[in-house]
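# Breakdown of the fold
Given next are the chains, with one letter for each unit.
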4 protein chains.
Amino acid sequence: MIKVGILGATGYVGAELTRLLSQHSEVEVMFLDSRSYASMAYSKVYSNFKNIVEDQCTSVNLEEDLENIDVLFCALPHGLSQKAVKKIMEKGKKVVDLSADFRIKSVATYEKWYGVEHEAVEALEKAVYGLSEVYGHEIAEADLVANPGCYPTSVLLPLYPLLKEKIISPDAVIIDAKSGVSGAGRTPGDGNLFAQCNENLKAYGIGTHRHTPEIEQELSIAAGEEITVQFTPHLIPMTRGILSTIYAPNKKAVNQQEIKEVYKAYYHHQPFIRLLEDNEYPQTKGVYASNYCDIGLKIDPRTNNIIIVSAIDNLVKGAAGQAVQNMNLMFGLPQEKGLQQPPIWP
Amino acid sequence: MIKVGILGATGYVGAELTRLLSQHSEVEVMFLDSRSYASMAYSKVYSNFKNIVEDQCTSVNLEEDLENIDVLFCALPHGLSQKAVKKIMEKGKKVVDLSADFRIKSVATYEKWYGVEHEAVEALEKAVYGLSEVYGHEIAEADLVANPGCYPTSVLLPLYPLLKEKIISPDAVIIDAKSGVSGAGRTPGDGNLFAQCNENLKAYGIGTHRHTPEIEQELSIAAGEEITVQFTPHLIPMTRGILSTIYAPNKKAVNQQEIKEVYKAYYHHQPFIRLLEDNEYPQTKGVYASNYCDIGLKIDPRTNNIIIVSAIDNLVKGAAGQAVQNMNLMFGLPQEKGLQQPPIWP
Amino acid sequence: MIKVGILGATGYVGAELTRLLSQHSEVEVMFLDSRSYASMAYSKVYSNFKNIVEDQCTSVNLEEDLENIDVLFCALPHGLSQKAVKKIMEKGKKVVDLSADFRIKSVATYEKWYGVEHEAVEALEKAVYGLSEVYGHEIAEADLVANPGCYPTSVLLPLYPLLKEKIISPDAVIIDAKSGVSGAGRTPGDGNLFAQCNENLKAYGIGTHRHTPEIEQELSIAAGEEITVQFTPHLIPMTRGILSTIYAPNKKAVNQQEIKEVYKAYYHHQPFIRLLEDNEYPQTKGVYASNYCDIGLKIDPRTNNIIIVSAIDNLVKGAAGQAVQNMNLMFGLPQEKGLQQPPIWP
Amino acid sequence: MIKVGILGATGYVGAELTRLLSQHSEVEVMFLDSRSYASMAYSKVYSNFKNIVEDQCTSVNLEEDLENIDVLFCALPHGLSQKAVKKIMEKGKKVVDLSADFRIKSVATYEKWYGVEHEAVEALEKAVYGLSEVYGHEIAEADLVANPGCYPTSVLLPLYPLLKEKIISPDAVIIDAKSGVSGAGRTPGDGNLFAQCNENLKAYGIGTHRHTPEIEQELSIAAGEEITVQFTPHLIPMTRGILSTIYAPNKKAVNQQEIKEVYKAYYHHQPFIRLLEDNEYPQTKGVYASNYCDIGLKIDPRTNNIIIVSAIDNLVKGAAGQAVQNMNLMFGLPQEKGLQQPPIWP
C-alpha cells in the first residue's frame, strides 16, 4: 500500500483527491490536512463522505508528521505550496504539487505572473511537469511532479502532438476556454456566488490569465520555438467542466485524417484520451466526474482553419485525477488505477 | 459471471444501469435493448460511454434472444413492461422490473391510477416489492422484483420502521417531495425543457400523482392498517436528486433519541442508509450519483411535529442502483457489490 | 416628485429597489447609500445600470443628509436598521424598513429569535406591518412601515383571509417553503456559493427559522387566537422565486369554490394577487421579476386536506416591490404605480 | 395607436414580443396568432400573462384578418415565413419578419444554407436588413424589415463600424459565440432538454451554422469586400443571453482609444449600445431581459490581437426587442419607445 497525505484537503481539489483515493485499491490515506477545519470530522466538511471517510482533519506539522508517508499531494494555494514542498523534499518524500508553484520553469516568468517571490528554486529545478500523457517517463522517475493547471491540461493535450509534429504552425493560435464555477474554489467571494454566476456568462482576465505562461511554456517546448498564444477564459454557470475551443490556421494544408493519425500515434495507448469521430464534438457532460479528455476537430474548408475542441472535468483530469494518474506513474502502477469510473450522464 | 440484459437501455434509467453494471465485477452485460436506437452504437446515444461500452443497441426478440441471460433489467415504460415481463417469466428467467407494472399488488388500484389494464396478473402475484432494506429476504428468493419508484423509495425508507414500530401514528402524514428533472426521463416534452424548468419551481399532480398508491400500499403494510397520505411532488431546476420532507404529529410523545434507536435497530447493518446527527439535514448533493439514502430528523418542541428529511439520487437509489442492489440479493452477492463509489461533491 | 433615499443600496434588495424606482414616474432617487462601495459609481457595482443610473454610492450621514428626502427605504441588516430608523424618525421622515427590526411587535419575541437587543422601541410602537393587501389603510397613514419578510409574504397572503374567515382551523398548519439563492443576499459565504448550491437541494433551519414568529404573529391576528405553525424553508438552485406549499386539515368541510369566494372577497380589487383556476398551480417563473403573488389550491378528497400553493419573486413582492407598493400607499398614489412590468418568461 | 398582429405568438420570440408590446404605450395588439394553441387563452400558454394579456390565441387567415392591422410581426419558422410575408405584402401591410427568410439577399446562398426554395423573391428584394443601429434610415422607409438573427446581432454591432472604418482587416476574423438554451425555441427535442443541457457545455455546427452567411453578408458590405469568418456557436446551461468573443489581428496597429473613438462616432446617439471602459468586459446578466448590447474590448500587447466581447439578451436585442425597435423606426417613434426597462440583476 502506498501511504499518502493530502495537504489542503478541504478545498474542492482536496475533496476530489479524497474521493478518488478512497476508491484506489493500492492507497492508504494517512492524513487529511486542513488548517481551517483542524480536528473537525472530514465528513462534516464534505457530508458526501459520511460513513466512507471517517478521519478527522488535522493540521499537519511538516517537520514531524511525515515519517509514515510515501507521497504527499499538496493542494495548497500558490505561494504557500512552495514552502511546504521545500520542507517535504528535504524530508526525502515524493510530492505531487497541485499549485502553480512548480509548473513554470522560469523563476522570472513565475514571479512576474504570480506576483510572488519563488523561495524553493532548488526544488523547482527538480520538478517534472505532470502532463501524464506527454511526460510519463519523466514522471515515473520524478520526486516532485508539478500537476498541470486545469485550463492548460485542456489545451496542451490536444495541441502538444500537433505542434511537435509541425502539423500546425506556432503563430496565431487562439484558445477560447470555458470553465465551470468549481474552478474558482470553495473560498467565498463575489465571483463564485450562486446569484452572480447563475444565468450569467462572462469572459475574464483577457490577455492576463495566469495559465497563459504555463500553456506557452509547454507549447514552446513542443514546437521547438517560442510561442505566444491568445488565451481567453470564460465563466460558465455549471459546477464542473472545461471546454476549450482552439483555432489555428491550417497553413500546412493538412486534412482531418492526417491530424487524427498524429493523435493516434501519440495517444493510441493512452486510456484517458478519446478522439471523437468526424462531425462529433465533445461535451463536458461526456467526461463528467471522470479522468477522460475528449477531443474533436474540424478543418473548415471555407476558412482553412483547424478548429479543435477538448473537454475535461476540471476537478478530475484538470486536477485531482491527473494527480492520481501521476502518482500511479511514480509508483509503477498502471496509470488508470483507481480512475476507471465511467463519466456520469445525465 | 451473471449474464444480464437491459430492456429499454437508452432511457436515463437504462443508461444508469449500464453505468453501474459496467463497474460490477460479477456481471457481464449481454445486450442493451432499444427500439429507437437499434443498431446504433450505444456510445453514440450516450457519449460518456465511448471506449467503455462498445456494444451496439439491439432490438431484442424476447422469444429468441434470452437463452444466455440469467437476469433481465426491464426499464420499459409502464404498460409495455407487463408484456415483456410476462414473456420473460415464461422463459424461466429472473427479472428486475423498473416500471410501475408490478409494484401495486391490487389490480384494481393499478388500473385505476395508471389507466391501463393489467395483462400479467400471474406474474404480478409472484412479484416481490424491491425495497432492498425492507424486503431483503423475500428479494433473495424472488424471480420477479418490482423495483420501487423514486419518490416511494425516498419516503418508505424513513417511514417504514417508524410505522412498523408504531412510533408515529398513521393518520395525517404529509409528504412534500422535490425532484430533479431527470425524473421526467429523456422523452422530450414541454415539461422537461431547459427553458421551462430552469429558474423555475412548481408543484404538480397534487393529490393525483401515481406514486401515491405505491407509498400507501407499503405504509399500510408497515402500519398494519390502511393509510392515506398527502403526497405533493415538486419539480426542481436540477438534474438529479430527490429530497422528501415528511411531517407527522408526534402523538406518542417520543423523543429524537427513541426514533434514532428504531432506525438503528432496522438499518444498523444496512450499508446505504446514513442516519444524520441532530441538527443535520440531508442535501441531495451528499448522495449525488450514489446509492445512499440520507435521513435527518427533528422533533419540533413548539408544534410537537416530527419532521423527517430524506435525500436520494433518483436515478441510483431511486432506480438503477436499487435494481442492482436487488440483483445482488437475488444472486447471493453482498448487496453493496458494484455500488460503493462515493457521492460526487461538488 | 417623491424624493427618496436608499440605505444599503448595494445589497440585492437595494439593487432591486433601484431598478424599480428608476422606472417609477413619480420618484426621484436622491442617494444610494453604501458603506462598502462609498464613492464608487453604482453602475460599477451593478453593471446592468450602466447609462441608466449615473449616481455614485454615498455613505450617508443620517444627521445631515436627509433634508431633501421625503421617504427612506432602509435595506440594512437587522440590528443595524434599528439605529438608522430611530434617527430617521427623529428627523420626521417617513421610512419603509426592509429589515426584520420592526416586524415583530413583541420586543421579547424579537430579542429571543434575533438575538439582538431592541433599541428603538418607540419607533417599533409606531410601525405598521407592511403587508400591502391586508394593511393598506394603516400603511397609508403610517410614518414607519415594516416591510414583510419574503417567506412571510408568500405565506400570509394566501392564509390571512382563510384564517380571518375561519375557513381553516388554526391548528396544524404546515408550511413547506422553497426559496431561490438570492434570498441569502450578496454577502459571500459557504451557503450561497454556486458550487455548493447548484445541483443541490436542502432543508434548513427546521423549526428555528426567524421568519416563524413573523408568520405566527400575523396569522394569530387573523385568527383571533394564538397560532403556532410548522415552517420549513428549503434552498433551491435558482436565483429568484419563492414557492410555498401549505397544508391544513379541512375541518370545516368547505369546498374549493367557497375558498375561492373568500379570496375574491378579500382580493378582488388587488392588482397583484392572481387566483389560479382549478387544477392550476403556481410556478415561480410565472411571477419572475414582478410584484405578483399567484395562488392555487386543491382540496384533496382522499385526505380532506386543503393544499395551497403560492409563488412570488422573493426580491420583488417579497422585498423591494412590496416596499414600493407601500410607498405608493403612503403617498396616496395608485399602489401599482411603477410596478406593472409583466413577469419575464422564459 | 399602431395596430399590430403577431404571427407565431406562442414561441419564445412571440412571447417576448407580447411582453414588450404590452408595455408599449403606442401599440395595440390585435391578435396573437398560433396554430397549435388556437382558441386557447394566451395566458394558459404563458401563465406569466394572467390578468395582463386577456386574449385568446387565434389561427389567423391572412386573406381576411388583416384589415385593421398596421404592421405584422412574423415569428414563424423559416420557410413558413416566406409564404406568410408574401401574402401580407400583397395586402399592403408592413412587416417585421423575425425568421431568416428575408435576411439573406442572395437567393442562391439562402437556398444553399437553409435547404429551402425561396418563393417570395419579389418581397426579398424589398426587404431591409433590420440591424437598427446601422440601417436606421432604410428601416424608417421600409415595408418589410428582416429582423437579424440573434448571433448576427451580437457580432455585427461590434464589428460593423470597425470593418467600415478599416480598423480591422477583413481576413482572419474568429467569432466564438455562446448562447443560452432559449435560442433553441420551445419545440421539444433532445437538444433543449433540461437534463441534456444542464451541467453541460458544447460547441455545435462548427463551420456550418446558418447564421454564418448572414454575418458574412453584412460584414462584407461593411468592408467593401468579400469576407469569410470563422463562426463557432456553443450551447450554455442558462436560459437567456448571448456572449460573443471576437478575435482579429491588429494589423493596422491601432490602439484601444482609436477603436473606442470609432464606436463613439457610430453609436454616440444610440441608446442601446453601451461601450464599457478599459478592462471591463460584458456579462450577459448585465443585459438580462433588456434591449442593450454591451461591448468591451482589449488589444493584447503580447499577441497584437484585438479581442472584442459583446453581450445581448438573445430574445430581446437578439429578436423581439430589436423587432420592436424597428417598428418604432418604421412608424417614426423614438426607437427606444417601450424598451427602456433596466436589465434584471441578479
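Rules and cut-offs
Residues numbered from 1 in each chain as written. Chains lettered and ligands numbered in written order. Predicted model: local features only at pLDDT ≥ 70, side-chain atom pairs only at ≥ 80, totals over all residues. Heavy atoms only, no water. UniProt positions renumbered as here; feature names shortened; annotations may be inferred. Helix = DSSP H or I, 4+ residues; strand = E, 2+ residues; numbered from the N terminus. Rg over C-alpha atoms; globule rule 2.2 N^0.38 Å. Buried < 20%, exposed > 50% of the residue type's maximum accessible area, 1.4 Å probe, protein only. Contact = heavy atoms within 4.5 Å. Buried area = accessible area lost by both parts, 1.4 Å probe. Salt bridge = Lys/Arg side-chain N within 4 Å of Asp/Glu carboxyl O. Polar contact = N/O pair within 3.5 Å; in protein donor to acceptor, adjacent residues only side chain to side chain. Nonpolar A, V, L, I, M, F, W, Y, C, P; charged D, E, K, R; others polar. Pairing = 2+ DSSP bridges. Axes fitted to C-alpha atoms, helices over the stretch in contact; angles between N-to-C directions. Phe/Tyr/Trp six-rings, centres within 6.5 Å; stacked < 30°, edge-to-face > 60°. Lys NZ or Arg CZ within 6 Å of the ring centre and 35° of its normal. Least-squares fit on C-alpha atoms with pLDDT ≥ 70 in both. Domains from an automatic or database assignment.

By the naming in an unreviewed UniProt entry, chain A goes by N-acetyl-gamma-glutamyl-phosphate reductase and is assigned to Clostridium formicaceticum. One UniProt comment on chain A, placed under Pathway (unreviewed entry), says "Amino-acid biosynthesis; L-arginine biosynthesis; N(2)-acetyl-L-ornithine from L-glutamate: step 3/4."

What follows is about the overall build of chain A. Regarding its fold elements, chain A presents eleven helices and 14 strands. By the compact-globule yardstick of 20 Å for 346 residues, chain A fits well, its C-alpha radius of gyration being 20 Å. Counting the 346 residues in chain A, one finds 66% classified as buried. In chain A, of all internal contacts separated by at least 6 residues, the share reaching a separation of at least 24 is 70%.

The UniProt record annotates "domain: Semialdehyde dehydrogenase NAD-binding" (unreviewed entry) at residues 3–142 of chain A. Secondary structure over residues 3–142 of chain A splits into 32% helix and 17% strand, and the C-alpha atoms at its two ends are 17 Å apart.

Now for the interface of chain B and chain A. Many structure descriptions define interface size as the accessible area lost when the parts assemble. Between chain B and chain A, the residue contacts involve 35 residues of the former and 35 residues of the latter. A buried area of about 3,000 Å², summed over both sides, lies between chain B and chain A, and 56% of it is on carbon and sulfur atoms. Its largest share of buried area at the contact with chain A, chain B owes to K50(B), W345(B) and P346(B), together 23% of the area lost on that side. Our count for the contact surface shared by chain B and chain A stands at four salt bridges. A salt bridge links K44(A) to E277(B), with the nearest nitrogen and oxygen atoms 3.0 Å apart. The tally of links from chain B across to chain A stands at 14 residue pairs in polar contact (both at pLDDT 80 or more). Among the elements of the structure, α1 (12–21) and β12 (273–275) of chain B are those that each provide at least two residues to the side of chain B that touches chain A. Its residues assigned to classes, the side of chain B that touches chain A comprises 15 nonpolar, ten polar and ten charged.

Our next topic: the pattern of salt bridges. According to the stated counting rule, one finds 68 salt bridges over all chains in the structure shown. Across the pair E214(A) and R103(A) runs a salt bridge, and its minimum N-O distance is 3.3 Å. Linking E214(A) in helix α9 (residues 211–223) with R103(A) in the loop between β5 (94–97) and α4 (107–114), this pair joins segments that are 111 residues apart in sequence. With respect to class, E214(A) is no different from R103(A); both count as buried. The closest approach of N and O atoms between D176(B) and K178(B), which form a salt bridge, is 2.9 Å. Under the relative-accessibility criterion, K178(B) is labelled buried at 0%. Here the salt bridges do not stand alone but share partners, grouping E16(A), R19(A), R240(A) and D313(A) into one network.

To continue, consider the sheet that holds strand β5 (residues 94–97) of chain C. Residue and element names in this part refer to chain C. If you walk across this open sheet you meet the seven strands as β3-β2-β1-β4-β5-β7-β6, and the pairing is parallel. Across the chains shown, the open sheet's two edge strands, defined by having one partner strand only, are β3 (57–58) and β6 (128–129). As paired elements, strand β4 (residues 71–74) and β5 share four bridges and run parallel to each other. Bridge pairing in β5 links V71 to K94. Against the sheet, helix α3 (residues 80–90) contacts β1 (2–7), β4, β5 and β7 (144–146), and its axis sits at roughly 165° relative to β5.

Scanning the model with the defined rule gives 38 aromatic pairs over all chains in all. Both rings, one in W345(A) and one in Y46(B), keep their centres 6.3 Å apart while their planes meet at 85°; by these two values the pair is edge-to-face. With W345(A) in the segment after α11 (316–330) and Y46(B) in the loop between α2 (42–45) and β3 (57–58), this residue pair bridges two chains. You'll find W345(A) and Y46(B) in the same group, each marked buried. One aromatic cluster is present, formed by Y42(A), Y46(A), F49(A) and W345(B) through successive ring pairs. In this arrangement the basic side chain of R186(A) is found over the ring face of Y46(A), its NZ or CZ atom lying 4.7 Å from the centre. Its guanidinium or amino end placed over the ring of Y292(D), R274(D) lies 4.0 Å from that ring's centre, counting from NZ or CZ.

This part is about the relation of the copies chain D and chain A. Aligned on chain A, chain D shows an RMSD of 0.0 Å; the corresponding rotation is 180° and the shift along the axis is 0.0 Å. On the angle and the small slide along the axis, the relation comes out as a two-fold axis. Minimal C-alpha separation from the rotation axis in chain D is found for P237(D), amounting to 3.2 Å. Counting the interface residues of chain D, we find that 100% of their copies in chain A are interface residues as well, pointing to one common contact surface.

Below, the discussion takes up the UniProt feature "active site" (unreviewed entry) in chain A. Residues and elements named next belong to chain A. Mapped onto this numbering, the UniProt entry annotates "active site" (unreviewed entry) at C150. Structurally, C150 is set in helix α7 (residues 150–164). For C150, a relative accessible area of 15% puts it in the buried group. Excluding residues within four positions of it along the chain, C150 makes contact with H211, I242, I312, N314 and G318.

Turning our eyes to something else, we now look at the domain arrangement of chain A. All names here are of chain A. Under the domain assignment used here, chain A contains domain 1 (2–126) and domain 2 (151–314). The distance between the C-alpha centroids of domain 1 and domain 2 comes to 27 Å. Counting residues at the interface gives 14 residues for domain 1, matched by 16 residues for domain 2. Both sides of the domain 1 and domain 2 interface together cover about 1,300 Å² of buried area, and 52% of this is carbon and sulfur. Among the residues of domain 1 in contact with domain 2, Y12, R103 and W113 are the three that bury the most area, contributing 47% of the side total.

Of the residues lining the interface, 46 residues belong to chain D; the matching set on chain A comes to 46 residues. Note on chain D versus chain A: buried area summed over both sides is about 4,000 Å², and carbon and sulfur give 55% of it. Three residues stand out in chain D for area buried against chain A, namely E199(D), L201(D) and R302(D), and they jointly supply 19% of the buried area on that side. Where chain D packs against chain A, one counts four salt bridges. Note that E216(A) and R302(D) form a salt bridge whose closest N and O atoms lie 2.4 Å from each other. There are 36 residue pairs in polar contact (both at pLDDT 80 or more) connecting chain D and chain A. Here the element with the most residues in the side of chain D that touches chain A is strand β8 (residues 174–179) of chain D; it accounts for four residues. Its residues placed into classes, the side of chain D that touches chain A shows 20 nonpolar, 16 polar and ten charged.

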